[in-house]
Amino acid sequence: MSEPEISKPFSVEPVPAARAYGRWLLLIIAAALLAGGGAWLYARVDSLFAAQDEALRRTGRDLNALEVQADRLESRQADLAAANQRNATEIAEFASRIDAHDQIVGQLKEQLAGGRGHFQLAAVEQLLLLANDRLQLARDVPAAIVAIDEADARLVALKEPRLFPVRQALAQEKAALQAVPLPDYAGAALTLSSLIERAPRLPLVARVPSHFEATPEHVLVPDDARWYQRAAASIREALSGVFSVRRDAGPSPRLLEAEQEVLVAQVLALKLEGARVALLRGDTTSFRDLCESAASWLDTYFQRDDPGVAAARAELERLRPLELSPPLPDISRSLSLLRAFMRPADTP
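In this report, the structure presented in the accompanying data block is examined.

Conventions and cut-offs
Residues numbered from 1 in each chain as written. Predicted model: local features only at pLDDT ≥ 70, side-chain atom pairs only at ≥ 80, totals over all residues. Heavy atoms only, no water. Salt bridge = Lys/Arg side-chain N within 4 Å of Asp/Glu carboxyl O. Helix = DSSP H or I, 4+ residues; strand = E, 2+ residues; numbered from the N terminus. Expected span 1.5 Å × (residues − 1). Buried < 20%, exposed > 50% of the residue type's maximum accessible area, 1.4 Å probe, protein only. Arc of directions from axis to C-beta. Polar contact = N/O pair within 3.5 Å; in protein donor to acceptor, adjacent residues only side chain to side chain. Phe/Tyr/Trp six-rings, centres within 6.5 Å; stacked < 30°, edge-to-face > 60°. Core = buried A, V, L, I, M, F, W, Y, C linked by side-chain atoms within 4.5 Å. Contact = heavy atoms within 4.5 Å. Axes fitted to C-alpha atoms, helices over the stretch in contact; angles between N-to-C directions. Parallel < 35°, antiparallel > 145°, perpendicular 65-115°, else oblique. Left-handed = near helix turned anticlockwise from the far one by under 90°. Nonpolar A, V, L, I, M, F, W, Y, C, P; charged D, E, K, R; others polar.

A short note on the pattern of salt bridges
- Within this structure, the stated rule accounts for 12 salt bridges.
- For the salt bridge of Glu 160 with Arg 162, the shortest nitrogen-to-oxygen distance reads 2.8 Å.
- Among the ionic contacts, a cluster of salt bridges with common partners joins Asp 299, Arg 313, Glu 317 and Arg 320.

Considerations on helix H8 (residues 307-319)
- The end-to-end C-alpha separation of H8 is 18 Å, in line with the 18 Å expected for 13 residues at 1.5 Å each.
- Where H8 is concerned, the buried positions are Val 309, Ala 312, Leu 316 and Leu 319. What you see down the axis of H8 is that its buried residues fit within an arc of 90 degrees, all on one side.
- By the N-cap criterion, in which a side-chain oxygen at the helix start approaches the backbone nitrogen of a residue two or three places on, H8 is capped by Asp 306, the distance to Gly 308 being 3.0 Å.

Remarks on the packing of aromatic side chains
- The final tally for this structure, using the stated rule, is 1 aromatic pair.
- An angle of 40 degrees between the planes, with centres 4.5 Å apart, marks the rings of Trp 297 and Tyr 301 as tilted. Of this pair, Trp 297 and Tyr 301 both sit in helix H7 (residues 284-301), 4 residues apart, which is roughly one turn of the helix.
- Residue classification places Tyr 301 among the partly exposed residues on the basis of a relative accessible area of 24%.

Observations regarding the environment of Ala 311
- By secondary structure assignment, the location of Ala 311 is in helix H8.
- For Ala 311, a relative accessible area of 33% translates into the label partly exposed.
- A sequence separation of 116 residues divides Ala 311 from Leu 195, and the C-alpha atoms of the two residues are 9.6 Å apart.

Structural notes on unusual backbone geometry
- The backbone of Arg 139 sits at a positive phi, close to 55 degrees, despite the residue not being glycine.
- Tracing the backbone through its elements, the reader meets Arg 139 in the loop between helix H1 (16-137) and helix H2 (141-158).
- The class for Arg 139 is partly exposed, based on a relative accessible area of 36%.
- We note that Lys 159 has phi near 55 degrees; this positive angle belongs to a residue other than glycine.
- Structurally, Lys 159 can be placed in the loop between H2 and helix H3 (164-178).

Here we look at the nonpolar core
- Core analysis: the biggest nonpolar cluster contains 27 residues, and Leu 192, Leu 268, Leu 272, Phe 287, Leu 298, Phe 302 and Leu 316 have the highest contact counts within it.
- If you list the elements that add at least two residues to this core, you get helix H4 (185-198), helix H6 (258-281), H7 and H8.
- It is H6 that contributes the most residues to this core, 7 residues altogether.
- Beyond its immediate sequence surroundings of up to four residues, Leu 316 is in contact with Leu 192, Leu 195, Leu 272, Cys 291, Ala 294, Ala 295 and Leu 298.
- Judged by nonpolar contacts, the second largest core, of 22 residues, contains Ile 145, Ile 148, Ala 151 and Leu 338.

A few points about the packing of H2 against H3
- Where H2 contacts H3, the two axes come as close as 10 Å, and the packing angle between them is 160 degrees. It follows from the interaxial angle that H2 and H3 lie roughly antiparallel. Here H2 and H3 pass one another in a crossing that is left-handed. Mapping the contact onto sequence places Val 141, Ala 144, Ile 145, Ile 148, Asp 149, Ala 151, Asp 152, Leu 155 and Val 156 in H2 and Val 166, Arg 167, Leu 170, Glu 173, Lys 174, Leu 177 and Gln 178 in H3.
- Per-class residue counts for the contact of H2 with H3 are 10 nonpolar, 1 polar and 5 charged.

Here it is in structure tokens:
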């Protein structure tokens, strides 16, 4: 069987007039739509242009502000550059001042070091002058040695090799001073003081005895003697108890009174005191003369066989050869060498 045919819809063929009217209507609608869309588009475009203008104005203002800020930054940068230049100049000036100060400090250090050394040399010079003065004026050898030792110690502290000749001269002068034969002044003075104290107690040779005692003398008579010989011996033995006669080889000493005995002891003490003064003054001639005079005074007026008198005379004989003023060496060479070393530093 064949399929049944499907009936087609009904269609009307438009007429030409209706077709033209539709076209104009479409054009009017399109124009209306275009007019409305254009207005909206124009408004939109206008708003966009307005926004762009506002954005441009803001951008212009921002650019102006940025230009002002840039100008300010440029001005500030110029100020900073000027300030940096000034700072650089000041730093350079400060550096130059520091260099100048360093040079001044260096010069001061050099001058201070030189001044300290010069001061030490001046102190050494004063010590050597003191040593020469004590030796020449007071003959004080120990004090001169002490001054030389102190001067040499200060020269050692300076550590200056050019001062070696001065130290060498000091060593030679010290050795010469130590070789001086110095007497024992203190011991001699103490010995004289002891003799002065013992002088009033020394026995005199011409002292008057307070009483006389006669000693009987026994006379031997041989067995074969005759009667007159026996009689003479008996008479001699009887008379020996009354008095005795003794022969003396030397002159008879004079008997002194009590006041004269005191005067003799005082004269001895004065001689000894003079010897002590001469000892302290270093007068060798006067010291020897007074010691010899005191020894002679002891021999004349005092008992030689007395142990005290003999001891006093022996002490005087021991003291008499003392040399109180031994020859002293010359210690001025070290001072001359030191002054010769200091002279170039003193001259400008």
